[in-house]
Amino acid sequence: MKKIFISLTFAASLFIVACNGGSKSSSSESTKEEKTSAPAANVSNDIQISANDQMKFSTNELHVKANEKVTLTMKNEGTQPKEAMGHNFVLLKDGTDLPTFAQAAIQAPDHIPANNPAIIAHTKLLGPGESDTIEFTVPAGTYTYICSSPGHYLTMTGVLTAE
Ligand code: CU
């Protein structure tokens, strides 16, 4: 009987220690979180983005102010011919099914499917050294951007956050 009592007390004290430990670590975690989120992401409505022959965008993350005009310039810094390695920037509504969209884009002129409701904004298809500037305004939310050249969305994709 005594043994059971002791082990119960032991279990109870373990429980208390575990709870204390838990609340301590979670409070220190939240302080840490505040610190890391303090230097806010680079929010800018004047965006320069580029693409290259390695089928990469210069950034896979963009942050803009919601409901204010965004001016985006995209440059193809590659040297491969447009037919082989043309790039564009296509901003899509959240939740767009990328494989389905990319499939529709393959046959479309300049890889932009006409009247596709998923498209919010897009640049021209750019050959080496070419650039294009577009303007758009989006409400708060997260959006996906891709290059819609065949197969490129697999490596050329990013998230634009409007806040
Ligand atoms: Cu591309």
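This text goes with the structure placed above it.
A brief look at the structure comes next. (Residues numbered from 1 in each chain as written. Predicted model: local features only at pLDDT ≥ 70, side-chain atom pairs only at ≥ 80, totals over all residues. Heavy atoms only, no water.)

With mixed pairing, the five strands of this open sheet are ordered in space as β2-β8-β7-β4-β5. Unpaired on one side and paired on the other, β2 (61–64) and β5 (119–122) mark the two borders of the sheet. This sheet shows a mean twist of 25° between the axes of neighbouring strands, independent of strand direction. Sheet analysis places strand β7 (residues 141–146) next to strand β8 (residues 157–162), joined by six bridges and oriented antiparallel. (Pairing = 2+ DSSP bridges. Helix = DSSP H or I, 4+ residues; strand = E, 2+ residues; numbered from the N terminus. Axes fitted to C-alpha atoms, helices over the stretch in contact; angles between N-to-C directions.)

With that settled, the discussion passes to the packing of aromatic side chains. Scanning all chains against the criterion turns up three aromatic pairs. Considering the side-chain rings of Phe 57 and Phe 89, the 6.2 Å spacing of their centres and the 65° angle between planes classify their relative orientation as edge-to-face. Here the residue Phe 57 occupies a position in the loop between β1 (46–51) and β2, and Phe 89 occupies one in the loop between α2 (82–85) and β4 (90–92), the gap between them amounting to 32 residues. Pairing Phe 57 with Tyr 145 gives two aromatic rings, centres 5.4 Å apart and planes at 65°, and the pair type is edge-to-face. (Phe/Tyr/Trp six-rings, centres within 6.5 Å; stacked < 30°, edge-to-face > 60°.)

Taken in spatial order, the three strands make up an open sheet running β1-β3-β6, and their pairing is mixed. The open sheet is flanked by β1 and β6 (131–136), the only strands paired with a single partner. Strand-to-strand twist in this sheet, taken as the mean axis angle between neighbours without regard to direction, amounts to 20°.

Purely spatial values, then, with no claim about function.
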